[in-house]
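Analysis of the macromolecular model
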Amino acid sequence: MRIKKGFELRNVCGENIIIAHGLENIDFTKVITLNESAAFLWNKVVDKDFTEQEMVEMLLAEYEVEKQTAEEDVKALVTSWKETGMVD
Amino acid sequence: MKKVYYRVGRHTYSVCFKDDKNTTDLLPSSEPFRLDDEPAEREPLLFELTVDDNWRPAQKGSEIGQFDCGGNNHGVYRLDDGAYQIQVSDVSDRQCCLLEAKSDFSSAQVCLNGDWVMRNFGLNNALMMMYAFAGADKMTVLMHASVVRKDGRGYLCLGVSGTGKSTHTSNWLKYVPGTDLMNDDNPVVRVCDDGVARVFGSPWSGKTPCYRNVEAPIGGFLQLEQAPYNNISRMRVVDAFASLLPSCSVMKWDRRDYVGTCDTVSRLLELVPVFFLKNLPDEDAVRMSYEAMTGKAYA
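Residues numbered from 1 in each chain as written. Chains lettered and ligands numbered in written order. Predicted model: local features only at pLDDT ≥ 70, side-chain atom pairs only at ≥ 80, totals over all residues.

Overview of the interface of chain B and chain A
Contacts between the two partners involve 14 residues from chain B and, on the opposite side, 12 residues from chain A. For the side of chain B that touches chain A, the secondary structure elements donating two or more residues are helix H3 (237–244) and helix H4 (255–271) of chain B. The element contributing the most residues to the side of chain B that touches chain A is H4 of chain B, with seven residues. When its residues are assigned to classes, the side of chain B that touches chain A shows 10 nonpolar, one polar and three charged. (Contact = placed C-beta atoms within 7 Å. Helix = DSSP H or I, 4+ residues; strand = E, 2+ residues; numbered from the N terminus. Nonpolar A, V, L, I, M, F, W, Y, C, P; charged D, E, K, R; others polar.)

In structure tokens:
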């Protein structure tokens, strides 16, 4: 999967906020925030193809977290990214 | 041929009337902002606009979309080099103005059509777009807001049309002595080079004629919503961002414009508090917003 064109992570007063530009995103009116670890993953996978497995490995390399927890968190994150239409 | 200079929001821009048919008479609301002489300082112009009824575009761009801007239509087209063509129609769908601007809106040509009312409408719309889109990467935005000034600070009321922005500011004028209206629809908001967020009157003010060459540091933003009671709260960053961004004139499909506007809003949020006021159109709502934004007791 891949983060769709036009979605950008920006820092707004210390908050990680996703903005969407481009004609394909003209009807995207949500403002989405990411916590620190989600923003970490976003920056790692933006502009490339990636899998959930790769994201789990990135989390494990960066944070002290159980593998099962990391897998569950990545699954939940990817589900929400897909639901909001930021990933295909 | 006549070239005139205007200064709005501490940015200077020029309008060159190339044919004899069009003059500064088309822009009465810009008169308070007109400079008497060519600007001496070596500050670059925000943009240069040439008005020439004899000009026609060399080619037609591909369509980006048709956008409803409060009852009138803007047809937006783009050329291969990134230049924009924008057709401005009035509420009766008559074509008033064709604008062709460089991709960064640093310069543009327009031709106008129709009677004085149509030309006035078309040229003012062209100037608004030039101002908003050229200023996007210069910490400058045009905001949909009604603005009052009290004790040297500007307070901006935000909200979609019909939420009572003008009603709330007119209640400030009514109940708070020493308050004046800076602009009722489209003020300029800018984080200046000295790091101060300021609001400026502009030649664009919607239905209420209020074209004042005034400025003030911003004391607060107030997002309004009608309710059967009054309640005020400070907005969180994310909510404030979601409130300010749609209040700015912005082209979502243009990365330079959109990211520049996001950066300006982000900087504004670092400098100015944003409040959310659920309100009735009464004095108690004024008391609440006054006390929250000025930090002073309502007398």
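Structure shown, so let's carry the discussion forward.
Regarding the packing of helix H1 (residues 36–45) of chain A against helix H2 (residues 52–62) of chain A
The angle between the axes and the distance between the axes are what describe a pair of packed helices. All names here are of chain A. Close contact between H1 and H2 brings their axes to 10 Å; oriented N to C, the two are set at 120°. Classified by the interaxial angle, the pair formed by H1 and H2 is oblique. Both H1 and H2 take part in a crossing whose hand is right-handed. Contacts between H1 and H2 involve Ser37, Phe40, Leu41, Lys44 and Val45 on the former and, on the latter, Met55, Met58, Leu59 and Glu62. Of the residues contributing to the contact of H1 with H2, the split by class is six nonpolar, one polar and two charged. (Axes fitted to C-alpha atoms, helices over the stretch in contact; angles between N-to-C directions. Parallel < 35°, antiparallel > 145°, perpendicular 65-115°, else oblique. Left-handed = near helix turned anticlockwise from the far one by under 90°.)

Regarding the environment of Val78 of chain A
All names here are of chain A. As for its placement among the helices and strands, Val78 is situated in helix H3 (residues 67–83). C-alpha of Val78 to C-alpha of Ile3: the two residues are 75 residues apart in sequence and 10 Å apart in space. Excluding anything up to four places from it in sequence, Val78 contacts Glu52 and Val87.

Considerations on the confidence of the model for chain B
Summary statistics for chain B give a mean pLDDT of 95 and a share of 100% for residues scoring 70 or more. Under the prediction, the complex receives an ipTM of 0.87, its pTM being 0.94. (pLDDT = per-residue confidence, 0-100.)

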